[in-house]
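# Observations on the model geometry
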Amino acid sequence: MFGGKMLLKMFGPVLLLCSVVPFVRSIGNKSHSFLVVDEDALLTTPQLIRKYGYEVEEHEVRTEDGYLLAMYRIPPRHLGSRRYPIFLMHSLLSTSADWVLIGRNHGLAYLLADLGYDVWMGNARGNRYSRKHERYAITSVEFWDFTWHEIGLYDVPAFIDYVLKQTDSRKLHFIGYSQGTIVVFVALSERPELNEKLVQMQLLSPAIYLKEFDSFLLKLIVMSCDEIVARLTASQIYEFTPYFEYQYFFFKRLCPSPAQRVCRLVIFDVVGGYPENLDVKLLRILLGHFPAGVSVKQIHHVCQLFRDGIFQQYDYGNPEINLQRYGSTQVPKYNVSRVKAPVRIYYSYGDRLVNYRNVLQLQQELSNLVSSYPVPDKRFGHSDFAYGRNVKEMLYDEMLANLEQADGL
Ligand SMILES: *[C@@H]1O[C@H](CO)[C@@H](O)[C@H](O)[C@H]1NC(C)=O
């Protein structure tokens, strides 16, 4: 697997970046500055929304299996809008902050609210905002016994039904980013009746198939994932990268100016993109919000997606346990042909995590693909879908026009 050519292929981009990164600062601060300040690292999603002048509501949504999830809403400014409500689902290790962190004039939740949409942001079980269960304590094994499968099977349907009930609407729009796309595919394939409840889905960097990823670091992690997970579990650690109050200060220390080059190399290796598109201040702020806690089992399931390239349920790695859980030694695959709601896809050639070849693979399986949009900036990376300097021009403007079209406006 690791021939010389392979190594060069993996290290090549890193070496190239090493030569580019020293010039980042001078290029970086020119255009498209986000209207954000360092203090934003320390605020919660609702606090940020309020601070930037929008109304916000905090809802608690109960899932069938007893989790109590936080959902944040920016209510519509005008009553009687002909637009359907919108439900947004964030990426792995992250939270609803994905939609607001880059501030007014850029953040997707604000752009949607400015257009008059009723904006609902979910928070998956286990992240810093969704850490309650009717019976299980946050410290219990039972609480953390889930992967993105349960987020798709329980959280997504609970959010959808909650929004429809609250807004007295028949349907809603769905926007998902990265893991947010995985979980809606689980939801729709396991509960096909949900298809009827979606006007259209906007998928940002759809991560259903992940086998072709480029990152060197990630290859190392995926190779050793079974062992890392076994060790964590043996040490009775069930939560991975929990959010902690001082993480902003911690990461700021960990990545001061000279060392920031190393931190950035890691980032660009994993997610792709390019230095000028990553705002230095925003990166600091982001580290106050990300990572925000997932289960160890969920990370293991993500590793399996990268390693095996099969969209299927969690593999216990042991035929007997699989048999016990699934009634078969074969791990059940999700049936993507049951995803029937209209889909619009947005992807990038510069995305090192979700490779465009995997996006094309997914598209072939979709029965209701409305459009597929490669971001015109070919260097646009995985994190740029929420945090890139040029994300509004490169992506959101296109998506907003598509939403309005779907609403017949
Ligand atoms: C997938 O779902 C479709 C439509 O419900 C069904 O016809 C097909 O048999 C399913 N495939 C598998 C492998 O279960």
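Let me begin by describing the structure that accompanies this report. Source: prediction; values computed, not measured.

So, how was this worked out
- Throughout, residues of each chain are indexed from 1 in the direction in which the sequence is written.
- In keeping with the model being predicted, local features are shown solely for residues with a pLDDT of at least 70 and side-chain atom pairs are shown and tallied solely at 80 or more, while totals for entire chains, interfaces and linings include all residues.
- Remark: hydrogens and water are excluded; side-chain values derive from all non-hydrogen atoms of the structure.
- Whether a residue is near a molecule or strand is decided by its heavy atoms; if any one of them lies within 4 Å of it, the residue is near.
- Two N or O atoms form a polar contact when they lie within 3.5 Å of each other; inside protein one atom must be a possible hydrogen donor and the other a possible acceptor, and for residues adjacent in sequence the pair counts only when both atoms belong to side chains.
- Areas reported as accessible are Shrake-Rupley estimates using a 1.4 Å probe. Residue values count occlusion only from the protein chains shown.
- Counting from the N terminus, the helices are the DSSP runs of H or I reaching at least four residues and the strands are the DSSP runs of E reaching at least two.
- Multiplying one less than the number of residues by 1.5 Å gives the expected span of a helix.
- The buried label goes to any residue with under 20% of its type's maximum accessible area, the exposed label to any with over 50%, and the partly exposed label to all in between, with areas taken from a 1.4 Å probe on protein chains only.
- Contacts: residue pairs with any heavy atoms within 4.5 Å of one another.
- Bend, in this description, refers to the angle at a residue between axes fitted to the seven residues ending there and the seven starting there.
- The definition used for a disulfide is geometric: two cysteine sulfur atoms within 2.5 Å.
- Axis definition: a line fitted to C-alpha atoms, limited for helices to the stretch in contact. Angles are taken between N-to-C directions and run from 0 to 180 degrees.
- Small angles under 35 degrees read as roughly parallel and large ones over 145 as roughly antiparallel, with 65 to 115 read as roughly perpendicular and the rest as oblique.
- Side-chain classes follow a simple rule in which Ala, Val, Leu, Ile, Met, Phe, Trp, Tyr, Cys and Pro form the nonpolar group, Asp, Glu, Lys and Arg form the charged group, and the remainder, Gly included, forms the polar group.

### Brief notes about the site of the ligand
As a matter of local geometry, the ligand sits amid Asn335, Ser337 and Arg338. Within the side chain of Ser337, a nitrogen or oxygen atom sits 3.4 Å from an oxygen atom of the ligand. For the ligand, whose accessible area on its own is 360 Å², the fraction buried by protein is 30%.

### A short note on helix H12 (residues 296-308)
When the terminal C-alpha atoms of H12 are compared, their 18 Å separation across 13 residues agrees well with the 18 Å that a helix rising 1.5 Å per residue should span. Of all 13 residues that make up H12, eleven are buried, and the element is covered over most of its length. What H12 keeps buried is the set Val296, Lys297, Gln298, Ile299, His300, His301, Val302, Cys303, Gln304, Leu305 and Phe306. Its buried side turned inward, H12 meets helix H5 (148-167), helix H6 (179-190), helix H7 (216-223), helix H8 (225-234), strand S8 (239-240) and strand S9 (294-295).

### Things to note about helix H16 (residues 391-406)
Look at H16: 21 Å from first C-alpha to last across 16 residues, which is about the 22 Å you get at 1.5 Å a residue. Bending of H16 peaks at approximately 25° at the position of Asp397. For H16, the full list of buried residues reads Val391, Leu395, Tyr396, Met399, Leu400, Asn402 and Leu403. Remark: Gly408 follows H16 within two positions and exhibits a positive phi of approximately 70°.

### Describing the state of the cysteines
Throughout the structure, instances matching the rule amount to one disulfide. The partner cysteine of Cys225 in its disulfide is Cys303, sulfur to sulfur 2.1 Å. Between Cys225 and Cys303, the S-S dihedral sits near 75°, and the bridge is therefore right-handed. One end of the pair, Cys225, is in helix H8; the other, Cys303, is in helix H12, with 78 residues separating them in the sequence. Each member of the pair, Cys225 together with Cys303, is buried.

### As for the packing of H5 against H12
Contact geometry for H5 and H12: axes closest at 8 Å, N-to-C directions at 105°. By the criterion of interaxial angle, the relationship of H5 to H12 is roughly perpendicular. Within the contact between the two elements, H5 uses Trp148, His149 and Ile151 and H12 uses Gln298, His301, Val302 and Leu305. Taken together, the residues that form the contact of H5 with H12 break down as four nonpolar, three polar and no charged.

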